[in-house]
Amino acid sequence: MHQKIISAAVLLAASAGGALAKPGVPKGVDPKDAQLYTPTGSDHHFTCLTNPSITIPFSAVNDDYCDCPDGSDEPGTSACAHLPHAQLAVKGFYCANQPGSMPQYLPLNRVNDGVCDYEICCDGSDEYIHVGGLQCENRCKEIGKKVKKLLGERWNIRNEGGKKKAELIEKAKEMRKEVEAGLKQLEVVIEGLEKKHAGLLEEVKFVEARERAKAARESKKAEKTNIVREVAQQKIDELKMQLQKLIDEERDLRERLTEAEMILKGLKKTYNPNFNDEGVKGAIRKWDDYVAKGKSVARSDAEERDLDDLLNGEGINWDELLPVQQEEISASYKFAEYLPESVRDWISQKMDEGRKFLVENGLLAEYIPPTTHESKAVLDAKAAASATETELTGNRNSLANSKSELSKDYGPNEVFRPLKGVCIDRDVGEYKYEFCFFEKAYQRSLKDSSSSFLGDHKRIEIIPPSTSPAEQGWVLPSDDVDEAHEEKLSGWVLHYDGGAQCWNGPKRSARIELYCAVENEIRSVIETEKCVYTYEVGTPVVCEEEGAEKVRDEL
């Protein structure tokens, strides 16, 4: 019944010329498309726009009955609003919005629905049959002033943002050149270090070979020393035998001498001075002279013991005559450890002074900690090669990082490159939300020091903009100026994944949805799904020059 009343009203409006926006143009049609709605043929018929095989009388256009499968016969009614959007051949109901505002298209299902849709049709033309006596006055001048003001502000934002974006692109080019120059320099440095390292490795081999030869020579010297020692020991043994023979002979002679002395003593006692024997008298006189001199060839007990030790003792300790070993040197340096603690410091000082004196005068070998069996020359050669290898590894890692940096996706014209590491935050409710371009995102509690890691930057997603004027942000609602002032999202999204594990849920992640702004800012953060956080972030990166130009054209 309601549909019949509306259809009758539409037909009545059409009979009075109300179905035409201007002579020859059906209501709801953009004057630019007027040629598509010109009666053709002798019977003045209308051909469905995307179904040319179907024709209807031109009088059936806007008769509130959907004849064409593409809805092109009902641009000024809601009769074809039930058709899928993709199937429709018309953008919607055309609102001229004059004077003072911009033409817009209203969805067909909102034509003559009893609601004044001023956010799109500020002229009220969408309610031309006045359902229920509704009168939608023309507010285009009033709304147009707001639109102009807001568009002016928006143009300023996009214009200034576009300039900053251009600066970011230029800076990105300079940064890339710096990385490329640094990469080339690293390649030259690495080539030099590789040659140096190869040379040092050869030097290590040379020094090791030299030290082995030196050790062999020292071994031969030791062998010669052993031979000398054996020969010397042999000679000493021979001398001992001769000495022992001489001692034995000497003892025999001593016994004979003692026996002779006893005979002479006996002769002196029994001698008769009155016996005139000159030979005996001469012997007695010589004996008296011998006794008067008091000389004795007998050795003392100490001399006897010395001779006995020389002949029967352990002999020479040849090991004591060899060079002092490093362990023995070390033991002498640790002497202070065996002293009482009360005198250790004083004795240690004196020992240090004594050791220094002995070392400086060549009487004690210098102590070298026994950390390895390799010689100092070999250790020095290996240390030089190791230091160069460490430097080489560091430069190779820097080279790999530079190449990775150059291959990373920083968006069109690498516009994000200068923003890498730039961090912004905003307090939302009980949390401070923070994220750094191309690095990490966090949710930090304002009540305590706890925080949740929301993920690392993984990729950029650029969603192609919609062709819908409403979705592009050109339609400004008349009843909410502040909401209308907000920039629409650009379709650019930064994805942050791999955050902290949610309790009984997935790992946390964040979507950074970008809109045009002069400065980097966070407009809002909401948890759109469990542990999935959506940031709306303003940045000059997504400010397009053509966007500013379009706003200027509208102005």
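The structure presented is a predicted model; accordingly, all values stated were derived computationally and were not measured.

> What is the right way to look at the overall build of the protein in this model?
Looking only at helices and strands, the protein features eleven helices and 14 strands. Residues counted as buried form 31% of the 555 residues belonging to the protein. Expressed as a percentage of contacts within the protein between residues at least 6 apart in sequence, the contacts between residues at least 24 apart total 52%. Accessible surface for the protein amounts to roughly 34,900 Å². Of this, 54% is attributable to carbon and sulfur atoms.

> So what exactly am I meant to see when it comes to helix H3 (residues 278-293) here?
Given 3.6 residues per helical turn, the α-helix brings residues three or four places apart onto the same face. The end-to-end C-alpha distance of H3 is 23 Å, a good match for the 22 Å that 16 residues give at a rise of 1.5 Å each. Every buried residue of H3 is accounted for by Gly-282, Ile-284 and Trp-287.

> What's the story with the nonpolar core in this structure? I'm lost.
Note on soluble globular proteins: their nonpolar side chains tend to be buried together. Phe-416, Phe-435, Leu-494, Ile-512 and Tyr-535 are the most contacted members of the largest nonpolar core, which has 29 residues in total. Going through the elements one at a time, helix H2 (140-270), strand S8 (431-436), strand S10 (451-462), strand S11 (489-498), strand S12 (509-516), strand S13 (521-529) and strand S14 (532-539) are the ones with two or more residues in this core. Among the elements that take part in this core, S12 stands out by supplying four residues, more than any other. Sequence-distant contacts of Phe-416, that is, excluding residues within four places in its chain, are made with Tyr-410, Gly-411, Phe-437, Phe-438, Ile-460, Trp-492, Leu-494, Leu-514 and Val-541. One finds Ala-34, Cys-48, Cys-68 and Ile-129 within the second-largest nonpolar core, a separate group that totals 24 residues.

> When you look at the pattern of salt bridges in this model, what are you seeing that I'm missing?
Between side chains of opposite charge, a pair can form as their charged atoms come close. The final tally for this structure, using the stated rule, is 28 salt bridges. We note a salt bridge from Glu-414 to Arg-417, for which the minimum N-O separation is 2.9 Å. Glu-414 sits in the buried class, given a relative accessible area of 15%. The partner of Asp-427 in a salt bridge is Lys-432, with the nearest N and O atoms 2.9 Å apart. On the basis of relative accessibility, which here comes to 44%, the residue Asp-427 falls in the partly exposed class. Lys-432 sits in the partly exposed class, given a relative accessible area of 25%.

> What is the right way to look at the state of the cysteines in this model?
Structurally, a disulfide amounts to a covalent bond that connects the sulfur atoms of two cysteines. For the structure on display, the rule yields eight disulfides. Residue pairing for Cys-116: its cysteine sulfur links by disulfide to Cys-136, the two sulfurs lying 2.0 Å apart. Between Cys-116 and Cys-136, the S-S torsion sits near -90°, and that sign places the bridge as left-handed. A residue pair is termed long-range when its members are at least 10 positions apart, and Cys-116 in the loop between strand S6 (104-106) and H2 and Cys-136 in the loop between S6 and H2 qualify at 20 residues.

> I keep staring at the sheet that holds S10 and nothing clicks. Help me out?
Hydrogen bonding along the main chain pairs the strands of a sheet, whether they run parallel or antiparallel. Reading across from one edge, S7-S8-S9-S10-S11-S12-S14-S13 is the order of the eight strands in this open sheet, with mixed pairing throughout. A strand with exactly one partner marks an edge of an open sheet, and here the two such strands are strand S7 (423-428) and S13. Neighbour-to-neighbour, the strand axes of the sheet open up by a mean angle of 25°, direction not taken into account. Where S10 lies against S11, seven bridges are found, and the strand directions are antiparallel.

> Even after reading the chapter, I still don't get the side chain of Glu-405, so can you show me in this structure?
Summarising the element assignment, Glu-405 is placed in helix H8 (residues 376-407). On the accessibility criterion, Glu-405 (19% relative accessible area) is buried. Among the polar contacts listed, one links the side chain of Glu-405 to the side chain of Lys-420, at a separation of 3.2 Å. Leave out the neighbours within four places in its chain, and Glu-405 touches Tyr-410, Arg-417 and Lys-420.

> How do you make sense of the pairing of S7 when you look at a structure like this?
Along a regular strand, successive side chains alternate from one face of the sheet to the other. Pairing of S7 with S8 involves six bridges; the strand directions are antiparallel. For Asp-427, the partnering residue across the bridge sits in S8 and is Lys-432. In textbook terms, the turn of a hairpin is the stretch between consecutive antiparallel strands, and for S7 and S8 this stretch comprises two residues, one of which, Gly-429, has a positive phi near 65°.

> For this particular structure, what's the right way to read the packing of aromatic side chains?
The way to describe two aromatic rings as a pair is by their centre distance and the angle between their planes. Using the criterion set out here, one finds 15 aromatic pairs in the structure. Summarising the aromatic geometry, the rings of Tyr-37 and Phe-46 are spaced 5.2 Å apart at their centres and angled 15° between planes, so their arrangement reads as stacked. A single burial state applies to Tyr-37 and to Phe-46, both of which are buried. In this structure, Arg-444 is placed above the aromatic ring of Tyr-442, and the distance from its NZ or CZ to the ring centre is 4.3 Å.

Definitions and limits used
Residues numbered from 1 in each chain as written. Predicted model: local features only at pLDDT ≥ 70, side-chain atom pairs only at ≥ 80, totals over all residues. Heavy atoms only, no water. Helix = DSSP H or I, 4+ residues; strand = E, 2+ residues; numbered from the N terminus. Buried < 20%, exposed > 50% of the residue type's maximum accessible area, 1.4 Å probe, protein only. Contact = heavy atoms within 4.5 Å. Areas by Shrake-Rupley, 256 points an atom, 1.4 Å probe, with all protein chains shown as cover. Expected span 1.5 Å × (residues − 1). Core = buried A, V, L, I, M, F, W, Y, C linked by side-chain atoms within 4.5 Å. Salt bridge = Lys/Arg side-chain N within 4 Å of Asp/Glu carboxyl O. Disulfide = S-S within 2.5 Å. Pairing = 2+ DSSP bridges. Axes fitted to C-alpha atoms, helices over the stretch in contact; angles between N-to-C directions. Polar contact = N/O pair within 3.5 Å; in protein donor to acceptor, adjacent residues only side chain to side chain. Phe/Tyr/Trp six-rings, centres within 6.5 Å; stacked < 30°, edge-to-face > 60°. Lys NZ or Arg CZ within 6 Å of the ring centre and 35° of its normal.

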